[in-house]
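# Chain and residue survey
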Amino acid sequence: MTITTTDPGTTAATYTGTTRLVRGAAFEDGQLTTRFGTLRLKALPAGAEAALRALTEGDLDEAAISGLVVAGDGEAGLLRWQMLRGRLDAMGLLEHAVTGPDGAPLARLVAVGRGGTTLRPAPRGPARLSRHALLLPADGVLTLRAPGSPLAVELSAGAAEFLTRLTDWTERTPAPLLRLLATAGALNPGGPDADPETGRGAVQWDPVDLAFHARTRTPAAAPGYGGTYPHADRFPPEPAAAPAGGGPAVPLPVPDLDAIAAREPSLTEVLEGRTSTRAHDPEAPLTLAQLGELLYRTVRIRSTFTGSDGQELADRPMPSGGSVHELEVYPLVTNCAGLEPGLYRYAPDRHELQPVAAPGPATAPLVKEARDAAMMTGDPQVVLLVAARFGRVMWKYETVAYPLILKHVGVLYQTVYLVATAMGLAVCGLGGGDTTAFAAATGRDPLLEGSVGELVLGSRPPAQPEPSAVAGD
Ligand SMILES: Cc1cc2nc3c(=O)[nH]c(=O)nc-3n(C[C@H](O)[C@H](O)[C@H](O)COP(=O)(O)O)c2cc1C
């Protein structure tokens, strides 16, 4: 652990804090128009008006802004200007930046969510970047973000030296840059003996997980909740049912739901009897009819309809946010009476199995992974690989898109658990899988359709002791 201290190259004199109105702002006839809305500013004194106009055009330091105000309104005008400035800041209408020794902007605080941009003071003593800060390159701009913050810092090349140093405790950062980083929530003040990020709350979170959590659970930090249709102008919505694959499909018998309802245990009995079972009966394997019944009762498409946004939606026995139903089920079969081993895709609109891959080097890792995850001694009779057609959800939703998919996986797990239990089958959900192996076995583009869950399914052994209640978790 080192603490670097101030050197002559980083004095406040060479790095200057500047301010401007948000880009695109215009001031005309007493109206300030920005992308966030219009603000009426009646009867502004001449100096304040001159400062405001100048701030629509570019970055000014404090001395330049005060100079304009004093030139028009005298020293007495400064107080009124500060009040107006505070109001603009609270509304997030000002952008703060740091200019380097060459006069070029080094870093700029920008709003990425909702809220004000009032600068925090630079911390005294050593500081370093928050362990949760993330650096994101996109569209020619490198942006530093802290999870949950509505503000981010756009960085120019000259900032790299300071950021690299700020990965450890240092006092050699220009105060104007520290102010931006602190305001964006990306700075960790303290020192090796007073590090506020050593507590359980800060340590237990991986930065990527925290950013994901904050993005979906802090609407002020990342607008885009609900259906915002972020890509609707570039791509059409995907159909509710994926196009049929090649090869002869295996038709599945349609179960008689009335007969099933008449003989089946009650919901309470099913819920109370549900367990995870990690052993299958090789003497009497799962049958094609049972696999078909399970898929029919959990994930078949009962009907489709068109949403008000033009996207084709679906109705299934399990619920789905916005009725988008992006989940697909791929049974990976090693031992099922009446069905050749191999990888299939369940066509939920046609109630049939479409062949995807014969058993081989591409499917073997998926079987092994599921067997290991469930700590089974033999191969599971069937692994239900659950995949998401991401575009179904991402065409409509923005910040909630991926969390919604994970929630749907949970919904599918429980629906499969309950129906499998009611049918007397052995089922166990798994906590992890390999989307790369899934892509290799299916040939699907993992950015368009990838595995997001898996369950092992088979016939229930007569009276099988469990290897471990929490095996493989
Ligand atoms: C999302 C999820 C992930 C799971 N992951 C695994 C796993 O990877 N391996 C495993 O053997 N069991 C796994 N299980 C089963 C749990 O271990 C099991 O539900 C838990 O021990 C409680 O036992 P019960 O299901 O019999 O009530 C998982 C269950 C769920 C719901």
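Residues numbered from 1 in each chain as written. Predicted model: local features only at pLDDT ≥ 70, side-chain atom pairs only at ≥ 80, totals over all residues. Heavy atoms only, no water.

## Thoughts on the overall build of the protein
Rules: Where helices and strands are cited, they refer to DSSP runs of H or I of at least four residues and of E of at least two residues respectively, numbered from the N terminus. Categorising residues by exposure relies on relative accessible area from a 1.4 Å probe, with only protein chains included: less than 20% of the type maximum marks a residue as buried, more than 50% marks it as exposed, and the intermediate range marks it as partly exposed. Residues count as neighbours in contact if any of their non-hydrogen atoms are within 4.5 Å of one another. Accessible surface area values rest on a Shrake-Rupley calculation with a 1.4 Å probe, where residue burial reflects the displayed protein chains alone.
Helix and strand content of the protein: 14 helices and 21 strands. Principal-axis analysis of the C-alpha atoms places the extent of the protein at approximately 95 × 55 × 40 Å. Residues counted as buried form 46% of the 473 residues belonging to the protein. The contacts of the protein with a sequence gap of at least 6 include a subset with a gap of at least 24, amounting to 73%. Here the protein has roughly 22,000 Å² of accessible surface; of this, 56% comes from carbon and sulfur atoms.

## Considerations on the packing of aromatic side chains
Put simply, the rule is: Side-chain rings of Phe, Tyr and Trp (the six-membered ring for Trp) are treated as a pair once their centres are within 6.5 Å; stacked means planes under 30 degrees apart, edge-to-face means over 60, and tilted covers the remaining angles.
Evaluation of the coordinates by the stated rule reveals 4 aromatic pairs. Measuring from centroid to centroid gives 5.3 Å for Y15 and F162, while their planes differ by 90°, and the two rings are edge-to-face. Of this pair, Y15 sits in the segment before β1 (16–21) while F162 sits in helix α4 (residues 160–165), and the two are 147 residues apart along the sequence. The burial state of Y15 is the same as that of F162; both residues are buried. Ring geometry for Y229 against W395: centres 5.2 Å apart, planes inclined by 80°, an arrangement best described as edge-to-face.

## Section: the domain arrangement of the protein
Put simply, the test is: Residue ranges labeled as domains rest on an automatic or database domain assignment. By buried area we mean the combined loss of accessible area, with a 1.4 Å probe, across both parts when two parts are placed together. For salt bridges, the criterion is a side-chain nitrogen of Lys or Arg within 4 Å of an Asp or Glu carboxyl oxygen. Polar contacts here mean pairs of N or O atoms no more than 3.5 Å apart (in protein, one a potential hydrogen donor and the other a potential acceptor; neighbouring residues in sequence count only if both atoms are side-chain atoms). Each residue is assigned to one of three groups, with Ala, Val, Leu, Ile, Met, Phe, Trp, Tyr, Cys and Pro labelled nonpolar, Asp, Glu, Lys and Arg labelled charged, and all others, Gly among them, labelled polar.
As assigned here, the protein comprises domain 1 (8–217) and domain 2 (250–459). Between domain 1 and domain 2, the C-alpha centre-to-centre distance is 49 Å. Listed as interface residues are 4 residues of domain 1 and, on the opposing side, 6 residues of domain 2. Both faces combined, the contact of domain 1 with domain 2 buries some 390 Å², and carbon together with sulfur accounts for 61% of it. On the domain 1 side of the contact with domain 2, F212, R215 and T216 bury the most area, a combined 92% of that side's loss. Linking domain 1 with domain 2 are 0 salt bridges. Seen at the junction of domain 1 and domain 2, the total is 0 residue pairs in polar contact (both at pLDDT 80 or more). Counted by class, the side of domain 1 that touches domain 2 contains 1 nonpolar, 1 polar and 2 charged residues.

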